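# Structural features, examined
The residues making up each chain are set out below.
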Amino acid sequence: MELLLNEQQALLRDAAAKLGAAHGGAKRARLLRLAGAGMDHEGWNEIVEAGWLSALACEKAGGLGLGAFDLALALEETSKSVMMTPLLEAACAVWAIAEARGDLGHATGLVVPATSPPAQSFNGRQEVRLNDGMLEGILSFVPFADQAEAFVVEAVTDGVACLCLAPRSLDGLTIETIHNVDGSTSSTLTFNHARIGKAQVLARGEKASAIAAKMHDLLSLGASVELLGVAQAALDITLDYIKLRQQFGKPIGSFQALQHRAVNCYVDLELNRSLIYAVLSAWDADAAHPAMVSAVKARLSRCGLDTVRAALQLHGAIGYTDEHDIGVYYKRAVALAAKYGNEITHIGWFSTLTTSLSAMQE
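Below or above, wherever it landed, is the structure these notes cover. Here the structure is a predicted model, which means the values were calculated and not measured. (Residues numbered from 1 in each chain as written. Predicted model: local features only at pLDDT ≥ 70, side-chain atom pairs only at ≥ 80, totals over all residues. Heavy atoms only, no water.)

## Focus: the layout of surface pockets
Considering only enclosed or pocket space, the largest pocket measures out at about 360 Å³ in volume. Lining the largest pocket are 18 residues, and of these F141, S186, A335, A338 and K339 sit closest to its centre. Of all the elements in the fold, those that place two or more residues in the lining of the largest pocket are β3 (134-143), β7 (185-195) and α9 (325-338). At four residues, the largest contribution of residues to the lining of the largest pocket is made by α9. Among the residues making up the lining of the largest pocket, the classes are represented as eight nonpolar, eight polar and two charged. Lining the second largest pocket are 17 residues, with P118, A213, H216, D217 and W349 sitting closest to its centre. Elements with a contribution of two residues or more to the lining of the second largest pocket: α6 (205-244), α8 (290-314) and α10 (343-361). (1 Å grid on protein atoms, 1.4 Å probe; cavity = no way out; pocket = protein on both sides within 12 Å on 5 of 7 lines; lining within 4 Å. Points joined across faces, edges and corners; volume = space filled by probe spheres on them. Helix = DSSP H or I, 4+ residues; strand = E, 2+ residues; numbered from the N terminus. Nonpolar A, V, L, I, M, F, W, Y, C, P; charged D, E, K, R; others polar.)

Have a look at this one:
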């Protein structure tokens, strides 16, 4: 799929590609994983300086006024370089704060969403309650929570939704962190009589529900874009490899069976790219149904991971060593495929959504 970009979009994509080339790469990602860093602070500082965190916030609120489509261009390019930064999470949190309050005055430092997307565990969502000004409950699988200074927390108070801004220093908040296979982190936030002030409640009721729902969509779509970038980079590396690797006196890329497999991966990526950018455009036009978002994440979780797995296998035995760069992409793809819901949970949530929609139409 050849994207038709305007000048601003092309500049954003190129800037992200340059940033990834300068601060990313499989070797750097491996070093960060072995060091247990969980996040690339050097690359993150460059992203903050570029101002991409406020990309989705409207200009009236002090943001750049770009769309999810535009942010996806940056996400895809940085993910090709396996940059371990919370660009997606921070941009979504800043957008939610701007939507709730109309300005970015509350978005200081690294703020990430602390929420339980329906598709992540549609059979039993975790819930945080706000009672008498105190947060109670547990939220799992929160990316970059070990580095965040504050959280946009989705909670329930008196049966209605609310969004709260909870600082890391909040009394009664504990954070337990584990490292994923790719070196990124996933944390469980436990709120135990964690008192917040009235000013820290960003929104209530239908407004809070609408912002939370769109934030869930953004997180799923963004993770899908990141997986697309990783899969594209893995395929590009593999195409270069099979042109050089010799077997029986010929490049293995000349063997028809391997050519067919590489072409299948290419076709899958192009179909996925067309689907995801169509849904991103629909989201920007406020015309995207949540079922469309789950369809994207389910398909990318399967096809993206299949492409990277095929890329690893086409490298032969060397691809399974930790020293080879293709393994870094595979580990990253495994983590992204599960992030904010994997193929199975999104298929289940998709079925729930489409069944409800059919019943409403009848």
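That shown, we press on.
## Examining the state of the cysteines
For the coordinates displayed, the defined rule picks out zero disulfides. As a non-bridged cysteine, C92 has C58 as the owner of its nearest cysteine sulfur, 15 Å distant. In this structure C303 is not part of a disulfide, and its nearest cysteine sulfur, from C265, lies 9.8 Å away. (Disulfide = S-S within 2.5 Å.)

## A look at empty space enclosed by the protein
Taking a probe equal in size to a water molecule and rolling it over the atoms shows the remaining empty space. One pass over the full model with this rule turns up four cavities of 30 Å³ or more. L56, A68, L71, A72, L75, L88, C92, L218, L221, G222, V225 and L280 together form the lining of the largest cavity. When residues of the lining of the largest cavity are traced back to their parent elements, those giving at least two are α4 (68-80), α5 (87-101) and α6. Of the residues that constitute the lining of the largest cavity, the class distribution is eleven nonpolar, one polar and no charged. What the second largest cavity holds in volume is close to 50 Å³. Taken together, A29, R30, R33, V82, D182, V328, K331 and R332 form the lining of the second largest cavity.

## Comments concerning the environment of V156
With respect to the helices, strands and loops of the structure, V156 is situated in strand β4 (residues 150-157). On the basis of relative accessible area, V156 is assigned to the partly exposed category, the value being 25%. With 48 residues separating them in the primary sequence, V156 and R204 have C-alpha atoms 8.9 Å apart. Setting aside its immediate chain neighbours within four residues, V156 contacts E127, V128, R129, L130 and C162. (Buried < 20%, exposed > 50% of the residue type's maximum accessible area, 1.4 Å probe, protein only. Contact = heavy atoms within 4.5 Å.)

## Structural notes on α4
Counted at 1.5 Å a residue, the expected span for α4 with its 13 residues is 18 Å, and the 18 Å between its end C-alpha atoms agrees. Among all positions in α4, only A68, F69, D70, L71, A72, L73, A74, L75, E76, E77, T78 and S79 are buried. Packing partners of the buried residues in α4 comprise α1 (7-23), α5, α6 and α7 (256-284). Downstream of α4 by one or two residues, V82 has phi in the positive range, about 50°. (Expected span 1.5 Å × (residues − 1).)

## Focus: the pairing of strand β6 (residues 173-179)
With seven bridges connecting them, β6 and β7 associate as antiparallel partners. Bridged to E176 within β7 is T188. If you look at the hairpin formed by β6 and β7, you'll find five residues sitting between the two strands, and G183 has a positive phi there, around 100°. (Pairing = 2+ DSSP bridges.)

## Details of the environment of D132
Here D132 lies in the loop between β2 (128-131) and β3. Considered as a pair, D132 and A194 are 62 residues apart in the sequence and their alpha carbons are 10 Å apart.

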